[in-house]
Amino acid sequence: MYNRFNTYSKLLSQEHLKTFKKDNFFYKISTALIVFNSSFKDEMVTFATCDKYFEGVYLPKEEKIVLCSNALYHYSEFKDAIQRQLIKMYDHKWSENYSFSNCKHLACSEIWAANFHSKCSISTRRGSKFKTQKHKLEVDSANEYCVRDLAINYLKERDKCEMKAEKYVDFVWASCYNDYSPLSDDRIDKARSLTKIL
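Residues numbered from 1 in each chain as written. Predicted model: local features only at pLDDT ≥ 70, side-chain atom pairs only at ≥ 80, totals over all residues. Heavy atoms only, no water.

Description of helix α2 (residues 24-35)
Turning to step 1, where the next piece is worked out: A rise of 1.5 Å per residue sets the reference length of α2, with its twelve residues, at 16 Å; its end C-alpha atoms lie 18 Å apart and thus fit the reference within 8%.
Turning to step 2, where the next piece is worked out: Along α2, the residues classified as buried are F25, F26, K28, I29, S30, A32 and L33.
Turning to step 3, where the next piece is worked out: N-capping of α2 is provided by D23, with a side-chain oxygen placed 2.8 Å from the backbone N of F25.
Turning to step 4, where the next piece is worked out: Looking one or two residues past α2, N37 carries a phi angle of roughly 55°, positive in sign. (Helix = DSSP H or I, 4+ residues; strand = E, 2+ residues; numbered from the N terminus. Expected span 1.5 Å × (residues − 1). Buried < 20%, exposed > 50% of the residue type's maximum accessible area, 1.4 Å probe, protein only. Polar contact = N/O pair within 3.5 Å; in protein donor to acceptor, adjacent residues only side chain to side chain.)

Examining the packing of helix α3 (residues 75-94) against helix α4 (residues 103-115)
Turning to step 1, where the next piece is worked out: Contact pair α3 / α4: the axes reach a minimum separation of 9 Å and the direction vectors enclose 135°. Relative to α4, the element α3 is oriented oblique. α3 and α4 meet at a crossing whose hand is right-handed. Where α3 abuts α4, its residues R84, I87, K88, D91 and W94 lie against S109, E110, W112 and A113.
Turning to step 2, where the next piece is worked out: Its residues assigned to classes, the contact of α3 with α4 shows four nonpolar, one polar and four charged. (Axes fitted to C-alpha atoms, helices over the stretch in contact; angles between N-to-C directions. Parallel < 35°, antiparallel > 145°, perpendicular 65-115°, else oblique. Left-handed = near helix turned anticlockwise from the far one by under 90°. Contact = heavy atoms within 4.5 Å. Nonpolar A, V, L, I, M, F, W, Y, C, P; charged D, E, K, R; others polar.)

Details of the pairing of strand β1 (residues 45-48)
Turning to step 1, where the next piece is worked out: Alternating residues of β1 divide into V45 and F47, all buried, and T46 and A48, none buried.
Turning to step 2, where the next piece is worked out: Strand direction decides the pairing type here: β1 and strand β3 (residues 64-68), joined by four bridges, are parallel. Considered in β3, the bridge of T46 is made with V66. (Pairing = 2+ DSSP bridges.)

Focus: the pattern of salt bridges
Turning to step 1, where the next piece is worked out: This model, assessed by the stated rule, comprises ten salt bridges.
Turning to step 2, where the next piece is worked out: K21 is the partner of D42 in a salt bridge, and the nearest nitrogen-oxygen pair spans 2.8 Å. Taken together, the positions of D42 in the loop between α2 and β1 and K21 in the loop between α1 (2-20) and α2 put the pair 21 residues apart, joining distant regions of the chain.
Turning to step 3, where the next piece is worked out: A relative accessible area of 38% places D42 in the partly exposed class.
Turning to step 4, where the next piece is worked out: Note that K88 and E110 form a salt bridge whose closest N and O atoms lie 3.2 Å from each other. (Salt bridge = Lys/Arg side-chain N within 4 Å of Asp/Glu carboxyl O.)

Considerations on the pairing of β3
Turning to step 1, where the next piece is worked out: Most of β3 is tucked away, with four of its five residues classed as buried.
Turning to step 2, where the next piece is worked out: By the bridge criterion, four bridges tie strand β2 (residues 56-59) to β3 in an arrangement that is antiparallel. Bridged to G56 within β3 is L67.
Turning to step 3, where the next piece is worked out: In textbook terms, the turn of a hairpin is the stretch between consecutive antiparallel strands, and for β2 and β3 this stretch comprises four residues, one of which, E63, has a positive phi near 50°.

In structure tokens, the structure reads:
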């Protein structure tokens, strides 16, 4: 039964990937990767059965995204997971000095990823018609709390960053929270070196 579920979850994840490739997020980030001499290919994504409850990981040297299909049964979970890893891939490509051993760099990626997570509903927040300025401020505040909390939890997955995850996220917050690239059409181009913003 366990093996059957794992096989089914991988097949389901393959279907989720097909659906995701029709999504606006995928279109924009895959197009943005071309600028940095990279292109998304299906073989970049592999599916695995994970012992711990992790969503997945991006492996920069291999240019691979490994997703834990047994933890991503629903499409919304799959979408959140692959968006997070694609953001890490994008950050690694555009920056001249991105380091996966630098907790501040990782914190910035996790903030960007959390901003697009369905739990924090950044698209809903942007598209909402607020009845009052107070209501707008309340929604903005709730979103910031959600993004910060999620980014901290993401960062804690790294042993090196776990103890000071809150401090790393707070340190880069002002530079990273309002950055929606490459999704925002009116964004200011990113600095090619992270040392310029962190």
